[in-house]
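# Remarks on the overall topology
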Amino acid sequence: MFNHIFILIIILFSTVSCSNEIDPIRFGFDSCDHCKMLIMDPKFGGVILTKKGKSFKFDDTNCMVSYLKNNIQDENQISSVSTIDYNKPETLIDATKAVYILSTEIKSPMASGIASFSSHESLPEFMRQYNGASLTWDAVKPNVK
């Protein structure tokens, strides 16, 4: 009997601890892993998922990039980096494939002035509205302080 319980416990822990799925942001409940502020705005944010299955959540692009620069020594530890699509609040997209607008007129939670989009189609309208510049993920990283 003891052996059966022990085996069930091992199976339970092995299946729970190996999850490689993003833990979604719970707006109004989760805190940013960088600045510790409550994540509130569903148009902004991001998640870093490690290969060990740990999700790190952020309220703004600058927090996520700063965390990457300061806390992730080996990028091979990362399974994915996701950002929220500004046009589809609460929807995570691949940060490395997203397109971004940088503008001082965008009111993001931690004043990065960066909004993420899943495609180039909506950029012209937002670039006119916010008088911004279009960026790729590789161009976003150096623009974060």
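Notes on the structure in this doc start here.

Parameters at a glance
Residues numbered from 1 in each chain as written. Predicted model: local features only at pLDDT ≥ 70, side-chain atom pairs only at ≥ 80, totals over all residues. Heavy atoms only, no water. Pairing = 2+ DSSP bridges. Helix = DSSP H or I, 4+ residues; strand = E, 2+ residues; numbered from the N terminus. Axes fitted to C-alpha atoms, helices over the stretch in contact; angles between N-to-C directions. 1 Å grid on protein atoms, 1.4 Å probe; cavity = no way out; pocket = protein on both sides within 12 Å on 5 of 7 lines; lining within 4 Å. Points joined across faces, edges and corners; volume = space filled by probe spheres on them. Nonpolar A, V, L, I, M, F, W, Y, C, P; charged D, E, K, R; others polar. Buried < 20%, exposed > 50% of the residue type's maximum accessible area, 1.4 Å probe, protein only. Contact = heavy atoms within 4.5 Å. Polar contact = N/O pair within 3.5 Å; in protein donor to acceptor, adjacent residues only side chain to side chain. Phe/Tyr/Trp six-rings, centres within 6.5 Å; stacked < 30°, edge-to-face > 60°. Lys NZ or Arg CZ within 6 Å of the ring centre and 35° of its normal.

The strands making up a sheet associate through backbone hydrogen bonding, with each pair oriented either parallel or antiparallel. Strand order in the open sheet made by the 4 strands is 2-1-3-4, with antiparallel pairing throughout. Bordering the open sheet on either side are strand 2 (55-58) and strand 4 (92-94), each of which pairs with just one other strand. Averaged over neighbouring strand pairs, the angle between their axes works out to 25° when direction is ignored.

Right, let's get into the layout of surface pockets. Computed from the structure, the largest pocket encloses a volume of approximately 210 Å³. Lining the largest pocket, in full, are Val65, Leu68, Lys69, Ile72, Glu75, Ile78, Ser80, Val81, Asp94, Thr96, Trp137 and Lys141. When residues of the lining of the largest pocket are traced back to their parent elements, those giving at least two are helix 2 (61-71) and strand 3 (78-84). Considering only residue class, the lining of the largest pocket consists of 6 nonpolar, 2 polar and 4 charged.

It is worth spelling out the environment of lysine 57 at this point. Take lysine 57: it is sitting in strand 2. Since its relative accessible area comes to 6%, lysine 57 is described here as buried. The sequence separation of lysine 57 and lysine 36 amounts to 21 residues, and the corresponding C-alpha distance is 9.8 Å. Apart from residues no more than four positions distant in its own chain, lysine 57 is found in contact with Asp23, Pro24, Ile25, Asp30, Ser31, Cys32, Asp33, Ile39, Gly46 and Val47. Of the polar contacts made by the side chain of lysine 57, one reaches the side chain of aspartate 23; its length is 3.1 Å.

This paragraph deals with the packing of aromatic side chains. On inspection of all chains with the given rule, the structure shows 8 aromatic pairs. Each ring, one from phenylalanine 56 and one from tyrosine 67, has its centre 5.1 Å from the other, and the planes form 35°; the classification is tilted. Of this pair, phenylalanine 56 sits in strand 2 while tyrosine 67 is found in helix 2, placing the two residues 11 residues apart along the sequence. For phenylalanine 56, a relative accessible area of 15% puts it in the buried group. Seen from their ring centres, phenylalanine 58 and tyrosine 67 are 5.2 Å apart, and the 55° between their planes marks the pair as tilted. Three or more aromatic residues joined by ring pairs make a cluster, and in this case those are Phe44, Tyr86, Phe117, Phe126 and Tyr130. Of note, lysine 54 hangs over the ring of phenylalanine 56, and the distance from its end group to the ring centre comes to 5.2 Å.

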